[in-house]
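Spelled out from the first residue to the last, the chains are:
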Amino acid sequence: KMVAKYKEDPEKYIKETCRLDPPVTSATASLKEHTTVTLAGKECSLPAGVLNQYVLSMANRDPSFFTEPEVFMPDREHLNKALTWNGAFGAED
């Protein structure tokens, strides 16, 4: 069954594989400007230059965006929105 799915659309198959099990699971960047965020109902002030880590593997399993995020489905909606270390699959250069 999986071989048939791959042959049907290799690009979608590989994208879904990377969404579910990304080769890079997180990345870190420094904030370019002062930012205020709300975490657990509390407002936090983050100065420019503070390191910010984002976890791609968790974002790509967000159930509010990906239906049944733990299930391998190469035909899923929004697959081009899955995050990679360079942004979303469908992002413009």
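Check the entry above for the structure.
Residues numbered from 1 in each chain as written. Predicted model: local features only at pLDDT ≥ 70, side-chain atom pairs only at ≥ 80, totals over all residues. Heavy atoms only, no water.

**Student:** So what's going on with the side chain of Thr 84? Which residues, and what values?
**Tutor:** Within the secondary structure layout, Thr 84 lies in strand β5 (residues 83-84). Of note is the side chain of Thr 84, whose polar atom sits 2.7 Å from the backbone oxygen of Gly 87. Apart from the residues lying within four places of it in its own chain, the contact partners of Thr 84 are Leu 56 and Phe 89. (Helix = DSSP H or I, 4+ residues; strand = E, 2+ residues; numbered from the N terminus. Polar contact = N/O pair within 3.5 Å; in protein donor to acceptor, adjacent residues only side chain to side chain. Contact = heavy atoms within 4.5 Å.)

**Student:** Give me the lowdown on unusual backbone geometry, citing residues and values where you can.
**Tutor:** In this structure, Ala 40 is a non-glycine residue whose phi angle is positive, near 50°. With respect to the secondary-structure elements, Ala 40 resides in the loop between β2 (35-39) and β3 (42-46). Ala 40 sits in the exposed class, given a relative accessible area of 88%. Of note in this structure, His 78 is not a glycine but carries a positive phi near 65°. The topology assignment puts His 78 in the loop between α3 (56-59) and β5. According to the relative accessible area criterion, His 78 is partly exposed, its value standing at 38%. (Buried < 20%, exposed > 50% of the residue type's maximum accessible area, 1.4 Å probe, protein only.)

**Student:** Can you lay out the environment of Met 73 for me, pointing to particular residues and giving the numbers?
**Tutor:** Turning to its location among the elements, Met 73 is positioned in the loop between α3 and β5. Given the relative accessible area of 24%, Met 73 is considered partly exposed. On a C-alpha basis, the gap between Met 73 and Leu 51 in space is 34 Å, while along the polypeptide they are 22 residues apart. Apart from the residues within four sequence positions on either side, Met 73 is in contact with Glu 16, Thr 67 and Glu 68.

Purely geometric numbers; function is a separate question.
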